[in-house]
Amino acid sequence: MSKIIVIIGPPGAGKGTQSRLISEKYGFPQISTGDLLRGIASTDTTLGNELKRVLDTGNLVSDEILAKVLLERTSSQDCLNGFVLDGYPRTIPQAHLLETLAGQQGKAIVLLRIAIDEDLLMKRLTGRATCSRCGEIYNTYFFPPRVSDICDIDGAPLVRRGDDRPETVAHRLAAFRAKTEPLIAYYSQSGRLIEVDGSREVDEVFDLICQLINGDAVIRKQMTDTSG
Ligand SMILES: [Zn+2]
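These figures come from a predicted structure and were not determined experimentally.

## What about the environment of arginine 177?
Okay, so step 1: Structurally, arginine 177 can be placed in helix 7 (residues 166-189).
Okay, so step 2: Look at arginine 177 and you get exposed, because 12 C-beta atoms sit within 10 Å.
Okay, so step 3: Along the sequence, arginine 177 and proline 10 sit 167 residues apart, while their C-alpha atoms lie 7.7 Å from each other.

What follows is the structure in structure tokens.
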């Protein structure tokens, strides 16, 4: 049965990496609702012009339009065996709409949550430093340079991104928690959310995810009509 992969996880949990690995192994396209909307908004069509107006005014695109766009994109041939969602669903109404879509397309939803300790997450995100010359990436906690703030390869100074500051990262994590808590609670109650330990190495996490995708840890969504 073809599958819709939903991965929920805070920034720094490795969501993007895992999505890419799944996409490569299974040939599932990665569908980002943000990219999708921006792409359509750049076309000279009725929907494109409507979307451009909404995006230009800084308003949120309605769930209805988002669902329509998603249905259209995922009805194409490359999504036949499955696809990986990026940035969707974010709310409970969107989760309902996704279930309707899964029913329409006869796909099963695989719900994965990458769970990770916030201390570890803070170290991963705030420890990042990049060489200003060659781009080599270090982490002051897990992969420090031999000399503090100096690249091992070429001796150039390492730079940190402004948004990697502890207070900024803490704020991003808190915002993520507040935003996704209702969705996580909703999915947890349904008993379908599968937790993956995000503190493990990338390939270990990926092996586990593959087992879940291949296995029977997937609960098939019955054909339902929630559109009322
Ligand atoms: Zn360097």
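Following the structure, the description resumes.
## Observations regarding the environment of proline 11
Okay, so step 1: Inspection of the secondary structure puts proline 11 in the loop between strand 1 (3-8) and helix 1 (15-26).
Okay, so step 2: As a C-alpha pair, proline 11 and arginine 172 span 161 residues in sequence and 7.8 Å in three-dimensional space.
Okay, so step 3: Excluding residues that lie within four positions of it along the chain, proline 11 makes contacts with Leu125, Arg172 and Phe176.

## Digging into helix 1
Each α-helix winds once per 3.6 residues, and so residues spaced three or four apart point in a common direction.
Okay, so step 1: Taking 1.5 Å per residue as the helical rise, helix 1 with its twelve residues ought to reach 16 Å, and the 16 Å between its terminal C-alpha atoms agrees with that figure.
Okay, so step 2: If you check which residues of helix 1 are buried, you get Gln18, Ser19 and Ile22. Projected down its long axis, helix 1 carries its buried residues within an arc of 100°, all on one side. Away from its buried face by more than 90 degrees, helix 1 exposes Thr17 and Glu24.

## So, helix 6 (residues 118-126)
Okay, so step 1: For helix 6, every residue scored as buried is listed here: Leu121, Arg124, Leu125 and Thr126.
Okay, so step 2: The secondary structure elements touched by the buried residues of helix 6 are strand 5 (128-131), strand 6 (137-139) and helix 7.

## Some thoughts on the packing of helix 2 (residues 33-41) against helix 3 (residues 46-56)
Okay, so step 1: Following both chains from N to C, one finds helix 2 and helix 3 inclined at 115°, their axes separated by 7 Å at the closest point. Residues Leu37, Ile40 and Ala41 of helix 2 form the contact with helix 3, whose participating residues are Leu47, Gly48, Leu51, Lys52 and Leu55.
Okay, so step 2: Along the lines of polarity and charge, the residues of the contact of helix 2 with helix 3 split into six nonpolar, one polar and one charged.

Conventions we followed
Along each chain, residues carry numbers from 1 onward, in the same order as the chain's sequence is written. Selection of residues for local features in this predicted model requires a pLDDT of at least 70, selection of side-chain atom pairs for listing and counting requires 80 or more, and totals for whole chains, interfaces and linings are taken over all residues. Each helix corresponds to a stretch of at least 4 residues labelled H or I by DSSP, and each strand to a stretch of at least 2 residues labelled E; elements are numbered beginning at the N terminus. To assign burial, the other C-beta atoms lying within 10 Å of each residue's own C-beta are counted, with C-beta atoms placed from the backbone; 20 or more indicates buried, 12 or fewer indicates exposed, and intermediate counts indicate partly exposed. Each residue gets a C-beta atom placed from its backbone, and two residues are in contact if those atoms lie within 7 Å. Helix span is expected to be 1.5 Å times the residue number reduced by one. Our arc is simply the arc of the directions from the helix axis toward the C-beta atoms. Structural elements are reduced to axes, namely lines fitted to C-alpha atoms, with helices fitted over the stretch in contact, and the angle between N-to-C directions of any two is expressed from 0 to 180 degrees. Note on residue classes: Ala, Val, Leu, Ile, Met, Phe, Trp, Tyr, Cys and Pro are nonpolar, Asp, Glu, Lys and Arg are charged, and everything else, Gly too, is polar.

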